[in-house]
Amino acid sequence: MTAHFSHPARPALKLTEPIQVNTTEAPPSPREDFLVFGKPVIGPEEMAEVQAVLESGWLGTGPRVAAFEQSFAAYKGLDDEQAVGVNSCTAALHLALKLSGIGPGDEVITTPLTFCATVNAILHVGATPVLADVDPVTQNLDPAAVAAAITPRTAAILPVHFAGRPCDMTALVTLADRHGLEIIEDCAHAIETTYHGKPAGTFGRFAAFSFYATKNVTTGEGGMLLCRDPQDASRARTLSLHGLSRDAYTRFRQAPDGSPHFRHYQMVEPGFKYNLTDLAAALGLHQLSRVETNLERRSLVWKNYNDMLAGVPLNLPSESDSDETHARHLYTVHVGDDADRDPLLDFLLQQNIGIGVHYLSVAEHPWYQTSLGWSPDAQPQARDLGRRTLSLPLTAGLTERDLRDVVSVVKEFFDERPDLLLE
Ligand SMILES: *Cc1c(COP(=O)(O)O)cnc(C)c1O
């Protein structure tokens with residue numbers, strides 16, 4: 001820990017009381033400590049569980065991974081064996097594509113408003129990623145653009161529930177059924193998301209979740225693959241650990257009569273090193289038990305941002321429909337058509353406010369342009385959103401002071417730049 005990132009103790013927001021922000025009281029400026037973007041809330045339960053793992057001597061894949069898989073499956077309304085813990089969402093996406101039998105010659109349709117891992121996983125099975133533009137309001141895949149991108153080679157649709165707002169799954173599932181395509185959901189933002197009462201991650205054959213440090217549930221690094229078919233899940237478990245027929249934990253267990261019993265493993269299919277560890281699952285178990293309370297807290301932060309930023313020349317994030325649950329993973333705002341976003345990013349950083357950009361259209365990245373011939377102009381909605389967006393801090397641990405600091409710095413920027421006013 002460097003001094004730059006150390007945080008003095010601050011009173012935590014109380015969930016039972018709405019945040020009362022006094023916007024007229026000027027906060028001390030500039031803020032002395034850096035507000036880390038996406039800083040997770042780690043409680044004493046996580047610390048104790050990690051210590052227990054260290055003391056147990058079993059750091060790898062074992063009982064805590066099994067318990068975390070069960071809790072996650074239960075949270076999603078699935079059977080125990082349908083959830084497979086892995087070490088990243090990227091690994092889960094790769095396994096999902098591989099288990100779908102997708103490879104060279106196949107096309108997979110996805111969104112340009114995503115992290116590059118979504119696209120790279122498609123490349124790693126040798127398939128061709130195809131981008132379809134997004135809806136400018138929801139920022140999710142536009143079903144009409146997906147329909148237009150379908151060819152005889154299309155094998156799957158890979159939607160991302162952007163920021164935690166569900167995609168139009170009715171339209172995407174209908175398209176997939178009509179054309180015989182798999183649906184693989186990238187649920188990295190969508191742990192708590194529901195659509196028409198159904199949890200995100202249960203619409204297709206596979207879904208991939210991320211427990212990266214900034215995600216709504218974190219294990220430091222980690223992921224979960226949900227499989228509709230338990231046979232897929234069984235093969236995913238094998239492939240996630242080198243392709244071994246049974247994992248090390250099972251191997252070292254005793255024979256039914258209680259006597260020590262050595263069992264040789266068999267390599268049944270060349271696999272990967274994608275297993276989740278008990279050390280990571282120790283965090284996940286307690287993170288997951290607070291998932292709904294943390295969502296409630298982020299919803300409160302979200303509402304306060306909306307209130308406090310009213311009148312500021314920024315487009316605020318869209319709301320999901322009433323029959324949907326928004327996971328409130330990212331609070332993304334957009335500058336107006338004529339405004340320049342990057343000076344605002346610099347200004348916030350200079351004032352010690354950590355921010356993010358989710359995302360520049362993936363077609364902006366040079367490798368995709370050189371190797372796949374992509375241009376951001378092919379998906380103009382994603383291009384424009386990506387060039388105008390920034391994400392403000394949104395975690396369950398934000399204090400009233402943090403919120404006030406963020407908003408006052410944003411306001412200060414626009415007070416000094418009246419030329420940037422929205423039309
Ligand atoms: C974070 C993220 C990923 C990658 O997750 P990892 O767990 O870091 O592999 C993939 N897709 C999206 C949309 C993400 O936000």
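Everything numeric here is computed off the predicted structure, so don't read it as measured data. (Residues numbered from 1 in each chain as written. Predicted model: local features only at pLDDT ≥ 70, side-chain atom pairs only at ≥ 80, totals over all residues. Heavy atoms only, no water.)

Trainee: How should I be thinking about the overall build of the protein in this particular structure?
Mentor: Helix and strand counts for the protein come out as 14 helices and 13 strands. Sequence separation of 24 or more characterises 73% of the internal contacts of the protein that already satisfy a separation of 6 or more. Put simply, the protein shows about 18400 Å² of open surface, and 53% of that area lies on carbon and sulfur atoms. (Helix = DSSP H or I, 4+ residues; strand = E, 2+ residues; numbered from the N terminus. Contact = heavy atoms within 4.5 Å. Areas by Shrake-Rupley, 256 points an atom, 1.4 Å probe, with all protein chains shown as cover.)

Trainee: Explain the packing of aromatic side chains here, please?
Mentor: For any pair of aromatic rings, geometry is given as the distance between the ring centres together with the angle between the planes. Within this structure, the stated rule accounts for 13 aromatic pairs. Judged by centre distance (5.5 Å) and plane angle (50°), the rings of Phe347 and Phe413 are tilted. Of the two residues, Phe347 sits in helix 11 (residues 341–350) while Phe413 sits in helix 14 (residues 400–416), which places them 66 residues apart along the sequence. Under the relative-accessibility criterion, Phe413 is labelled buried at 4%. Ring plane angle 85° and centroid distance 5.3 Å describe the contact between Phe413 and Phe414, whose orientation is recorded as edge-to-face. On the accessibility criterion, Phe414 (5% relative accessible area) is buried. Three or more aromatic residues joined by ring pairs form one cluster here, namely Phe68, Phe72, Phe209 and Phe211. (Phe/Tyr/Trp six-rings, centres within 6.5 Å; stacked < 30°, edge-to-face > 60°. Buried < 20%, exposed > 50% of the residue type's maximum accessible area, 1.4 Å probe, protein only.)

Trainee: When you look at the sheet that holds strand 7 (residues 198–199) in this model, what are you seeing that I'm missing?
Mentor: Consider a sheet: its strands pair through backbone hydrogen bonds, and that pairing is either parallel or antiparallel. Pairing is antiparallel across the open sheet formed by three strands, whose spatial order is 7-6-11. The sheet terminates laterally at strand 7 and strand 11 (324–325), the two strands that pair on one side only. One ladder, built from two bridges, connects strand 6 (residues 194–195) with strand 11; its direction is antiparallel. Across the sheet, Thr194 pairs through a bridge with Thr325, a residue of strand 11. (Pairing = 2+ DSSP bridges.)

Trainee: What exactly am I supposed to notice about the confidence of the model for the protein here?
Mentor: Of all residues in the protein, 89% have pLDDT values of 70 or greater, and the mean over the chain is 91. Scored below 50 in pLDDT, residues 1–11 shows 18 contacts in the model against residues more than four places distant or in partner chains. (pLDDT = per-residue confidence, 0-100.)

Trainee: Help me out: how do you make sense of the pattern of salt bridges in this one?
Mentor: Oppositely charged side chains can pair when the atoms bearing their charge come close. A full pass over the atoms with the stated rule returns 21 salt bridges. Here Glu45 and Arg290 are joined by a salt bridge, their closest N and O atoms 3.4 Å apart. Taken as a pair, Glu45 in helix 1 (residues 44–56) and Arg290 in the loop between helix 9 (278–289) and helix 10 (291–309) lie far apart in primary sequence, 245 residues in all. A salt bridge links Arg205 to Asp232, with the nearest nitrogen and oxygen atoms 2.8 Å apart. Note that Arg205 is positioned in the loop between strand 7 and strand 8 (206–210) and Asp232 in helix 7 (residues 230–240), a separation of 27 residues in sequence. Accessibility expressed as a relative area gives 22% for Arg205, which makes it partly exposed. Exposure remark for Asp232: the relative accessible area of 8% places this residue in the buried category. (Salt bridge = Lys/Arg side-chain N within 4 Å of Asp/Glu carboxyl O.)

Trainee: How do you make sense of the side chain of Glu269 when you look at a structure like this?
Mentor: Examined against the element boundaries, Glu269 turns out to sit in the loop between helix 8 (248–251) and helix 9. Here the side chain of Glu269 touches Arg235 through a polar contact of 2.7 Å, side chain to side chain. When sequence neighbours within four positions are dropped, the list of residues in contact with Glu269 reads Arg235, Leu239, His242 and Gly243. (Polar contact = N/O pair within 3.5 Å; in protein donor to acceptor, adjacent residues only side chain to side chain.)

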